[in-house]
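Topology and contacts: notes
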Amino acid sequence: MLDFHKTLENEQSLDPENWEKTRQLAHQMLDDMLDYLQTIDQRPIWQKTPEAVKAHFTQALPQQPTSAEEIYKEFKTNVLPYNKGNIHPRFWSWVEGGGTVLGMLADMLASGMNPNNTIGDHAPRYVEAQVIDWSKQLFGFPPSASGLLVSGGAMANITAILVARNQFLAGIIRQKGLKFLDNQLVIYCSTETHNCLTKAAEIIGLGSDNLRKVPVNEKYQIKIEVLKMMLLADKQAGLLPFCIIGNAGTVNTGAIDPLDELLAIARQENCWFHVDGAFGALAKLVPAYQADLAAIEQADSLAFDFHKWLYVNYEVGCVLVREAKIHREAFALQANYLLSHERGLAAGPDTISNYGLELSRGFKALKVWMSLKEHGIQRYQKQIEQNIAQAFYLQDLIRQTSDLELLAEVSLNIVCYRYKPQNQSLSENELNDLNKEILMQLHENAIALPSYTLLANRYAIRVAISNHRSQKADFQVLVEGTLALGKKILAD
Ligand SMILES: Cc1ncc(COP(=O)(O)O)c(C=O)c1O
């Protein structure tokens with residue numbers, strides 16, 4: 001039996017015993033991080049995690065306290081030097097943003113306040129509502145639409161596809177399950193669609209076979225005529241097409257599907273129209289892309305990220321749903337312990353759990369709110385435009401360099417190329433191996449951090465530019481580095 005009288009003789013909390021010492025350490029941490037960010041381009045972009053560091057993180061569960069000063073020393077020795085690199089100007093892997101200084105500070109403030117931003121009448125809920133409202137304005141969604149901040153594009157897409165499924169047959173699926181349907185539900189998207197949507201099809205119980213992957217044209221955009229044929233064949237077989245997904249910027253090459261045509265087909269077929277705009281939807285800010293992305297304004301749902309092409313610190317993505325009622329009906333559940341009250345803390349906006357899968361969640365809205373205010377949309381437009389211009393600049397550099405081959409025409413912010421020496425005849429397999437080796441050595445020699453993909457079975461060095469710190473000269477370093485490594489590897 002717990003002797004609670006005895007336990008309560010010496011009540012404690014986890015707050016510091018010495019606030020002055022903590023204050024000093026906190027100021028030190030802040031100064032160190034500001035120095036770190038200010039001088040980021042002077043340090044290696046990436047270095048392999050040493051075995052000793054890996055071993056450091058295999059210790060037994062701590063039983064006794066360690067001082068904060070000591071822990072911070074460990075952090076500086078074993079964590080900070082082996083960062084990923086996505087805050088460096090020459091990082092272009094996958095599609096990642098680099099964060100900002102105010103974003104970092106906002107995370108500290110949010111974490112200090114530490115609200116569980118799910119339910120209740122407190123200012124952080126209204127900050128989040130403001131961010132969702134601004135997101136609607138950003139993409140031309142009506143004020144009556146709804147939205148939710150989530151961990152990233154994958155969760156935003158999965159959330160949207162769940163809404164699409166649950167609105168089919170007005171909520172009956174939620175109660176009865178998919179077996180209630182006469183036949184199989186089917187979703188359509190291009191072969192270039194991000195694999196989080198395959199996961200979405202699996203999670204909502206369709207199975208990946210029922211996510212129809214429509215082939216793409218030479219610009220990596222969905223082939224509309226083939227989509228129409230697939231839809232017809234499925235309907236003739238008695239299947240139930242219910243959702244069409246359009247890409248606003250594919251992960252491999254940045255291709256934008258013909259969204260207006262997909263929208264028209266979705267309307268004609270009575271299908272939900274979802275747009276995965278994880279990064280590419282943000283190009284809507286740039287006048288040259290507005291026509292191609294205009295159909296986003298009519299989409300039933302949109303997934304996009306703040307942490308990619310709005311450069312907000314990890315992690316925060318967003319899903320918007322045109323009809324708030326449908327969004328709510330997809331997730332809302334009554335629970336006595338989550339009911340909204342008329343007054344008191346339990347008043348305030350509708351519980352977040354009525355709009356998605358999560359319950360407890362942090363105050364990630366603060367960094368978005370502060371960032372959007374700090375820079376203003378016009379500044380973001382310029383920054384995004386700059387990244388697109390850099391992609392076209394790199395494309396030019398590659399075209400002008402005889403030993404480099406462009407593997408896909410640039411359409412947005414992604415450049416795919418390979419080293420292909422003119423004076424040697426190498427098989428496709430040899431070229432693939434060679435370019436993979438070049439990529440790994442670009443990383444190991446801390447020259448630059450592009451990533452990779454396969455385009456028509458050809459290994460591509462893939463440069464995804466969503467980095468606000470990159471400059472023209474950084475792309476020259478990449479090109480020179482690729483050429484030098486290619487020559488050296490072949491000579492070896
Ligand atoms: C087109 C596309 N969709 C979805 C995602 C997943 O987004 P996240 O990594 O934010 O979950 C990505 C990630 O790169 C993407 O490029």
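This text follows the structure it describes.
Quick caveat, the model's predicted, so the values are computed rather than measured. (Residues numbered from 1 in each chain as written. Predicted model: local features only at pLDDT ≥ 70, side-chain atom pairs only at ≥ 80, totals over all residues. Heavy atoms only, no water.)

What follows concerns empty space enclosed by the protein. One pass over the full model with this rule turns up one cavity of 30 Å³ or more. Each pocket or cavity is described by its volume, and for the largest cavity that value is around 50 Å³. Together, Leu 148, Leu 149, Val 150, Met 155, Thr 159, Ile 352, Gly 356, Leu 357, Glu 358 and Arg 361 line the largest cavity. At the level of elements, strand E2 (146-150) and helix H7 (153-167) are the ones that each hand at least two residues to the lining of the largest cavity. (1 Å grid on protein atoms, 1.4 Å probe; cavity = no way out; pocket = protein on both sides within 12 Å on 5 of 7 lines; lining within 4 Å. Points joined across faces, edges and corners; volume = space filled by probe spheres on them. Helix = DSSP H or I, 4+ residues; strand = E, 2+ residues; numbered from the N terminus.)

Around the ligand sit 15 residues in total, of which Gly 153, Ala 154, Asp 276, Asp 305 and Lys 308 are the nearest. Residue Asp 305 places a side-chain N or O atom 2.7 Å away from an oxygen atom belonging to the ligand. Residue His 307 places a side-chain N or O atom 2.8 Å away from an oxygen atom belonging to the ligand. Protein chains shield 84% of the accessible area of the ligand, which is 390 Å² for the free molecule. At three residues, the largest contribution of residues to the shell around the ligand is made by H7. Looking at the shell around the ligand residue by residue, the classes come out as six nonpolar, six polar and three charged. (Near = heavy atom within 4 Å. Polar contact = N/O pair within 3.5 Å; in protein donor to acceptor, adjacent residues only side chain to side chain. Areas by Shrake-Rupley, 256 points an atom, 1.4 Å probe, with all protein chains shown as cover. Nonpolar A, V, L, I, M, F, W, Y, C, P; charged D, E, K, R; others polar.)

With that settled, the discussion passes to helix H10 (residues 224-236). For H10, spanning 13 residues, the distance from its first C-alpha to its last is 18 Å, which sits close to the expected 18 Å at 1.5 Å a residue. All buried positions along H10 are accounted for by Ile 224, Leu 227, Leu 231 and Asp 234. What you see down the axis of H10 is that its buried residues fit within an arc of 85 degrees, all on one side. In H10, the exposed positions that point more than 90 degrees away from the buried face belong to Glu 225, Met 229 and Gln 236. The inward-facing, buried residues of H10 contact strand E3 (185-190), strand E4 (211-214), strand E5 (240-247) and helix H11 (259-268). (Expected span 1.5 Å × (residues − 1). Buried < 20%, exposed > 50% of the residue type's maximum accessible area, 1.4 Å probe, protein only. Arc of directions from axis to C-beta. Contact = heavy atoms within 4.5 Å.)

Attention now moves to the sheet that holds strand E9 (residues 404-406). In spatial order, the strands read E1-E11-E12-E10-E9; together these five strands make up an open sheet with mixed pairing. Strands at the two margins of the open sheet, each flanked by one partner only, are strand E1 (91-92) and E9. The strands touched by helix H15 (residues 428-444) are strand E10 (414-419), strand E11 (449-455) and strand E12 (458-464); relative to E12, the strand with the most contacts, the crossing angle is about 30 degrees. Across the sheet, helix H16 (residues 472-491) is in contact with E1, E9, E10, E11 and E12; its angle to E10 comes to roughly 25 degrees. (Pairing = 2+ DSSP bridges. Axes fitted to C-alpha atoms, helices over the stretch in contact; angles between N-to-C directions.)

For H11, the set of buried residues is Leu 259, Leu 262, Leu 263, Ile 265 and Ala 266. The buried residues of H11 occupy one face: seen down the axis, they fall within an arc of 165 degrees. Across from the buried face of H11, at angles greater than 90 degrees, the exposed residues are Asp 260 and Gln 268. The secondary structure elements touched by the buried residues of H11 are H10, E5, strand E6 (272-276) and helix H12 (287-293).

Let's shift gears to the packing of aromatic side chains. Taken as a whole and assessed by the stated rule, the structure comprises eight aromatic pairs. Here the aromatic rings of Phe 304 and Phe 306 are separated by 5.0 Å at their centres, their planes lie at 65 degrees, and the arrangement is edge-to-face. An identical accessibility class is assigned to Phe 304 and Phe 306; each is buried. Each residue in the set Phe 139, Phe 304 and Phe 306 is aromatic and connected to the rest through ring pairs, giving one cluster. (Phe/Tyr/Trp six-rings, centres within 6.5 Å; stacked < 30°, edge-to-face > 60°.)

Along the chain, the position of Thr 159 falls in helix H7. Only 2.5 Å separates the side chain of Thr 159 from the backbone oxygen of Met 155, close enough to count as a polar contact. Sequence-distant contacts of Thr 159, defined by excluding residues within four places in its chain, comprise Leu 148, Val 150, Val 319, Phe 331, Tyr 355 and Gly 356.

Under the criterion given, the structure shown has 23 salt bridges. For Glu 225, the salt bridge goes to Lys 228, with nearest N and O atoms at 3.7 Å. Of this pair, Glu 225 and Lys 228 both sit in helix H10, three residues apart, roughly one helical turn. Residues participating in the shared-partner salt-bridge network are Lys 48, Glu 51 and Lys 54. (Salt bridge = Lys/Arg side-chain N within 4 Å of Asp/Glu carboxyl O.)

Attention now goes to the environment of Ala 446. Along the chain, Ala 446 turns up in the loop between H15 and E11. The spacing of Ala 446 and Thr 100 is 346 residues in sequence and 22 Å in space, taken between C-alpha atoms. Residues within four places of Ala 446 in sequence aside, it is in contact with Pro 44, Ile 45, Trp 46 and Arg 90.

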